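Observations on chain architecture
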Amino acid sequence: MNFKRLFSTVAIVLVVFVAQLFAQPGGKETKIMVRAIARDAKLIGKAVGGARITVREASSGKVLAQGEQQDGTGDTALIIEKPRVRGAKVYDTPGASGFLAVLNLERPTVVEVTAEGPLGSPQATERASKTLLLVPGEDVLGDGIILEIHGFIVKTLSPQMDAKLAVGSPFEVRATVNMACGCPTEPDGLWDSNKIRVVARVVREGNVEAEVPMKYAGVQNTYAGNVSVTSPGRIELQVLALEPVNANFGLTRQDLTIIP
């Protein structure tokens, strides 16, 4: 027996096998579930405009898949209320938001996965991303890859942008504050308004002229405070929500004219 020839043949077979294993001709379908969640809250769903998910090849920036998650916010009990058991599904429940990326991978590939949301509130839209290695044919399903979006959705209810506000006459500022998933804030609720500080700020030419605390107004998500401006002109009215313990912050701005 020609052992040299046998050894050479075995070596060639092994090389071909490894090449087929890690570099599938034409690529191999690989499914990846990605879910964007709100910090300390639930999945970002269609009620707040959903979230945009992008999967890129990390080395080149090439987009491998892109889409939106536009379904429900998930099971409140599993996500928020019940203690978690290692390995148990938390987000993979019927109707829960997520984006299933179907990739065509030829070799093990490092990807960057990005989530942007909530898309329905541009002033609150944040971005989260992570990089990880994916292997052809090795699906990542179930709860999948989790990306966490920080912040609040803050919307000013009053005053309206065309309101006429007079110097020295206090006016009420009312605004709503929701978690990034749209989940409600209220005293002693699952998202406790007592732990969130909300303020109205008068900003003129980049300087904070006044800052007034806003209190829960007796209606879910709603906060109010009275503001007085001491001189006429253009101002920027800001409503700012703060929860440093969870790195959640939210801000809305509008320009107002104060008349003499």
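Residues numbered from 1 in each chain as written. Predicted model: local features only at pLDDT ≥ 70, side-chain atom pairs only at ≥ 80, totals over all residues. Heavy atoms only, no water.

**A few points about the environment of D192**
Of note, D192 is situated in the loop between β10 (171–179) and β11 (197–204). Residues D192 and L133, 59 residues apart in the sequence, show an inter-C-alpha distance of 38 Å. From its side chain, D192 meets the backbone nitrogen of D188 in a polar contact 2.8 Å long. (Helix = DSSP H or I, 4+ residues; strand = E, 2+ residues; numbered from the N terminus. Polar contact = N/O pair within 3.5 Å; in protein donor to acceptor, adjacent residues only side chain to side chain.)

**Structural notes on the sheet that holds strand β3 (residues 63–69)**
Ordered by their spatial adjacency, 4 strands build an open sheet running β3-β2-β5-β6, and the pairing between neighbours is antiparallel. For this open sheet the edge positions go to β3 and β6 (126–134), each flanked by a neighbour on one side alone. Taking each pair of neighbouring strands and ignoring which way they run, the sheet shows an average axis angle of 15°. Sheet topology places strand β2 (residues 51–57) next to strand β5 (residues 109–117); 6 bridges connect them, and they run antiparallel. Paired with T54 across the strands is T114, a residue of β5. (Pairing = 2+ DSSP bridges. Axes fitted to C-alpha atoms, helices over the stretch in contact; angles between N-to-C directions.)

**Structural notes on the nonpolar core**
Core analysis: the biggest nonpolar cluster contains 51 residues, and L103, V113, V173, V198 and M214 have the highest contact counts within it. At 5 residues, the largest contribution of residues to this core is made by β10. Non-local contacts of V173, meaning those with residues more than four positions away in its chain, are made with S158, P159, A200, M214, Y223, A224, G225, V227, L237 and V239. Ranked by size, the runner-up nonpolar core spans 6 residues in total, among them L43, V90, Y91 and A96. (Core = buried A, V, L, I, M, F, W, Y, C linked by side-chain atoms within 4.5 Å. Buried < 20%, exposed > 50% of the residue type's maximum accessible area, 1.4 Å probe, protein only. Contact = heavy atoms within 4.5 Å.)

**Some words on the environment of T185**
Residue position: T185 is located in the loop between β10 and β11. On a C-alpha basis, the gap between T185 and K195 in space is 9.8 Å, while along the polypeptide they are 10 residues apart. Discounting residues that sit within four places of it in the chain, T185 has contacts with V177, N178, M179, W191, S193, I196, Y216, Q220, N221 and Y223. Separated by 2.9 Å, the side chains of T185 and Y223 make a polar contact.

**Structural notes on the sheet that holds strand β8 (residues 152–158)**
What the 8 strands build is an open sheet, ordered β8-β10-β13-β12-β11-β14-β15-β9; its pairing is mixed. Two strands in the sheet have a free side with no partner beyond their single neighbour: β8 and β9 (165–166). Two strands pair when backbone bridges link them, and β10 and strand β13 (residues 222–227) are joined in this way by 6 bridges, in the antiparallel orientation. Looking at β13, one finds that V173 is bridged to G225.

**Side note on the packing of aromatic side chains**
Under the definition given, this model contains 1 aromatic pair. Both rings, one in Y216 and one in Y223, keep their centres 5.8 Å apart while their planes meet at 80°; by these two values the pair is edge-to-face. Judged by relative accessible area, Y216 falls into the partly exposed class, the value being 26%. Of the residues examined, Y223 reaches a relative accessible area of 2% and is grouped as buried. (Phe/Tyr/Trp six-rings, centres within 6.5 Å; stacked < 30°, edge-to-face > 60°.)

**So, a nonpolar patch on the surface**
Together, L100, V102 and L141 line one region of the surface with nonpolar side chains, adding up to about 240 Å² of accessible area. Among the structural elements, L141 can be located in strand β7 (residues 140–149). (Patch = residues over 30% accessible without salt bridge, like charges linked within 9 Å, V, L, I, M, F, W, Y side chains within 5 Å. Areas by Shrake-Rupley, 256 points an atom, 1.4 Å probe, with all protein chains shown as cover. Salt bridge = Lys/Arg side-chain N within 4 Å of Asp/Glu carboxyl O.)

**Describing the confidence of the model for the chain**
Here the chain averages 91 in pLDDT, and 90% of its residues register 70 or above. Note that pLDDT drops below 50 for residues 9–24; the model gives that stretch 8 contacts with residues more than four away or on any other chain. (pLDDT = per-residue confidence, 0-100.)

**Focus: the pattern of salt bridges**
One side chain can pair with another of opposite charge once the charged atoms of both are near each other. A complete count under the given rule lists 11 salt bridges for this structure. The salt bridge involving E112 is made with R127; its shortest N-O contact spans 3.9 Å. On the criterion of sequence distance, the pair formed by E112 in strand β5 and R127 in strand β6 is long-range, its members being 15 residues apart. A salt bridge links R174 to E172; the shortest N-O distance between them is 3.5 Å. R174 gets classed as partly exposed once you look at its relative accessible area, which sits at 23%. It is possible to trace a salt-bridge network through shared partners that takes in R35, K89 and D92.

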